[in-house]
Amino acid sequence: MKKINGVIKFNMMKQIKSVFIFLSAVVMCSCQNRSIQFSDVAKKSERIWYEYPAKSWMSEALPIGNGYMGAMFFGGVYEEQIQFNEESLWSGGKGEWDEYNGGNREDAHKYLPKVRQLLKEGRFDEAHVLASKELTGKIKSNKGNSVWEGYGAYQAFGEVFVKTQHSGELENYKRELNISKGIGTISYQLGDINFKREYFASYPKRALVFRFENDAPSGIDYIIRKETVHENVSISFSDNQLILNGKLQNNGMEFESRMLIETDGEVLFTNGKLKVKSAKVVTLYLTAATDYENNYPEYKGRDYKALNHKTIKKVQSTQYKEILAEHKTDFVSLHSRVALELGHTNKDDIPTNERLKTYAEGQSDQSLEALFFQYGRYLIISSSRPRSMPANLQGKWNNVTNPPWAADYHANINIQMIYWPVEVTNLSECHEPLIEYVDNLRAPGSKTAKDFFNTRGWVVNTMNNTFGFTAPGWGFPWGFFPGGAAWYGRHVWEHYEFTQDKNFLKDKGYTIMKEAALFWLDYLTEDEEKWLVSSPSYSPEHGGISTGAYMDIQIAWDIFTNCIKACEVLDADHEFKKELIEAKSNLLPLKIGKWGQLQEWKEDRDDPNNKHRHVSHLFALYPSDQVNLKDTPELSEAAKVSLIARGDEGTGWSIGWKINFWSRLLDGDHAYKLLRRAIKVTEDEGTNMMDGGGIYSNMLSAHPPFQLDGNMGATSGIAEMLIQSHAGEIHVLPALPKAWLEGKITGLKARKGFEIDIEWKDGELTLLKIKSLSGNRINVKYRDKSTVINLKKGEVIRLDRKLKLIE
């Protein structure tokens, strides 16, 4: 042992004996000037832009959002169209159907023993028929058709149209979204007049802001109107505000939007429209709210008009420049935490639609891949902020009353995927809305657990809405997924793992997890070999009924494992911990099937030719860590066999999941191949769930149609290629593809509370910076090198490719 500049090093022969490094304050200070610098080109390139206005809402319009509201702007020349949403405007609930109760059926569990008996006897078809009849959520017949009463759907709110009263030859048109600042801009010339627009969504002010400017000597005229697809609405003008009030025809939900206008022109209100005469500047501040409140079981009661009034009053007391500066400070404070540069090539001077076309043709464009990564972070910042509702399937953007899959909260993969990258890409605050939503599901979920399964704890199934819907869906197999609550529990644990916030775990997180685990303790039954299995179970949206769909077993393992860890962290609930340890030891072990695959079901019936988009039995590989190359190499190889069999095609989110799988298998080139597939431009706005994935011209992911999960799954996958920390160690550049020979990333987070910066060249690590945010000890690995670091909170270490200290 020797001591060098305050650093104690231990050199051991065996690999499991690592080097312990303790930083001194002297070393910290001597290293402060060694940091990763980004090129001006990389800083400039975080934007998407076009030389034409959008025609399609889904594939061309550009999104802005502040968590509470979202908007899509088209950039029309003579008339601008801005479609906007407010997060809580939903049809359904008790207002639609008095008997709505979250889909629950009292005493449905009485049929559960019969279903299980049929499964034990091998009468699978009969078991499925009975389960489909008696264990589905409550439905109501309407004109002879089975329809779902009360579930509802996320609703479009309205649109703002701004018509320009000027003409001339169009020149120099540009429509842009700067994703590092959260600002959209449009500029062009008509004749000798220059036009500029600036759009952003202010989180601090809870408002959407649209500014129109021109340099005409006497200004020009504008006509402004609001429209909505909903009936029972009124439009008025008072105190320089265009006010829209209404009630949803479906359920009576009350809503209001207020749009404040500030201008140097003269404003007239006639026939529900504003006419602004001789204006050089028009600024619109839009806010909206409903009477929805997340309070089970009524889900209403917010004083939405008072909220809107308060919002507008704050805006009125602040200058535009101050609101813009405040927005930039707020947005950049989150987005700038992580920076990514992949090589030095840049094609930012090429319109985004053209870049996407050449990329799809096979050309390299690493800066486009970095942009796609950051776009995912932009979208979650824009749709999920503290005190807002969580992002739904389409974030906070929707232009219809009957969106695909209700634009709801699908708990069998989709909503979880949307939140996969938030912790690792340093956006922990954006995780809070999901956790709050999950916490509020416990009350309705406990009723579902009791009614359908006669268990303790709480449960959710495939589809969740804003009105406490936690029952199974109205059709099997897709509607039956009691694993949703425990999967949500993983997000609770991940939030603790990355933040190391024990108060959060003690005050809120552990209760959510424990109650989800209680359900599985009661629901699992013994099979003929005394293993605990899930009966009945369906592998999500795939295959028939089973006595052991392995995703259920893996999720039970996951929630038991994380609850055990939580008990240890909190030094509490010791008897419950013992119960979990025993149950976990009796779970049906994972099996390798007859063609070397990781089995999807207890029964060895996987089809090697099946290309289904769901690969649910690999949950253990990602996002869980039950299967990993370090501890379970044989199971990891079996997961690889399954993954190869499923193929590389799929919907947008399915491809995103596969990027993460291949990253966990440390095959960066295969992960990169799928990343390129994920970024393949498409014009398909229909429903192609086999091979329709990709992105639209506006870089929103195509399920198709648009779903946010594909963007977020890919962002998570890129992070997994660069840093992993699930196996009790920080693994640096674990799945770096050959295509990324050089690059740098700053601000990624690792479990146990570390912040990571990485730089590499010629495929080799050149600089690794680790900052401890909590004060913890962890192993660090790069290729065949490893070292153990033990840092105090706030300490920083810099290592080279051999994981040696850089002084």
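That block above? That's the structure.
Caption draft 1: Focus on the nonpolar core. Ranked by size, the top nonpolar core spans 229 residues in total, and within it Tyr488 and Phe560 carry the most contacts. Non-local contacts of Phe560, meaning those with residues more than four positions away in its chain, are made with Ala517, Trp520, Leu521, Leu524, Leu580, Ala583, Lys584 and Leu587. Formed by 11 residues, the second largest nonpolar core is a distinct cluster that contains Leu260, Ile312, Tyr320 and Ile323.

Caption draft 2: Representation of the pattern of salt bridges. In the structure shown here, the tally under the stated rule is 47 salt bridges. In this structure, Glu80 engages Arg197 in a salt bridge whose closest nitrogen and oxygen atoms are separated by 3.1 Å. Separated by 117 residues along the polypeptide, Glu80 in strand β7 (residues 79-86) and Arg197 in strand β13 (residues 193-202) bring together distant segments of the chain. Considered together, Glu80 and Arg197 belong to a single accessibility category, that of buried residues. Between Glu86 and Arg302 there is a salt bridge whose closest N-O contact spans 3.3 Å. Linking Glu86 in strand β7 with Arg302 in the loop between β21 (281-290) and α5 (304-316), this pair joins segments that are 216 residues apart in sequence. Note on accessibility: Glu86 and Arg302 belong to one class, buried.

Caption draft 3: Inspection of the state of the cysteines at higher detail. Using the criterion set out here, one finds 0 disulfides in the structure. Cysteine Cys563 remains unbridged, with the sulfur of Cys567 as its closest cysteine sulfur at 6.5 Å. Residue Cys567 is classed as buried on the basis of its relative accessible area, which comes to 2%.

Caption draft 4: Structural view of unusual backbone geometry. In this structure, the amide linkage connecting Tyr296 to the following residue, Pro297, adopts the cis form with an omega of 5°. Note that the residue after His703, namely Pro704, is joined by a cis bond; omega there is -10°. With respect to the element layout, Pro704 can be found in the loop between β30 (701-702) and α19 (708-722). Positioned with a positive phi, Gln500 is a non-glycine residue whose angle comes to about 60°. By the element assignment, Gln500 lies in the loop between α12 (484-499) and α13 (502-523). On the accessibility criterion, Gln500 (17% relative accessible area) is buried. For Asp571, which is not glycine, the phi torsion reads 50° and is therefore positive.

Conventions adopted
- Residues numbered from 1 in each chain as written.
- Predicted model: local features only at pLDDT ≥ 70, side-chain atom pairs only at ≥ 80, totals over all residues.
- Heavy atoms only, no water.
- Core = buried A, V, L, I, M, F, W, Y, C linked by side-chain atoms within 4.5 Å.
- Buried < 20%, exposed > 50% of the residue type's maximum accessible area, 1.4 Å probe, protein only.
- Contact = heavy atoms within 4.5 Å.
- Salt bridge = Lys/Arg side-chain N within 4 Å of Asp/Glu carboxyl O.
- Helix = DSSP H or I, 4+ residues; strand = E, 2+ residues; numbered from the N terminus.
- Disulfide = S-S within 2.5 Å.

As far as function goes, none of this settles anything; it's purely spatial.
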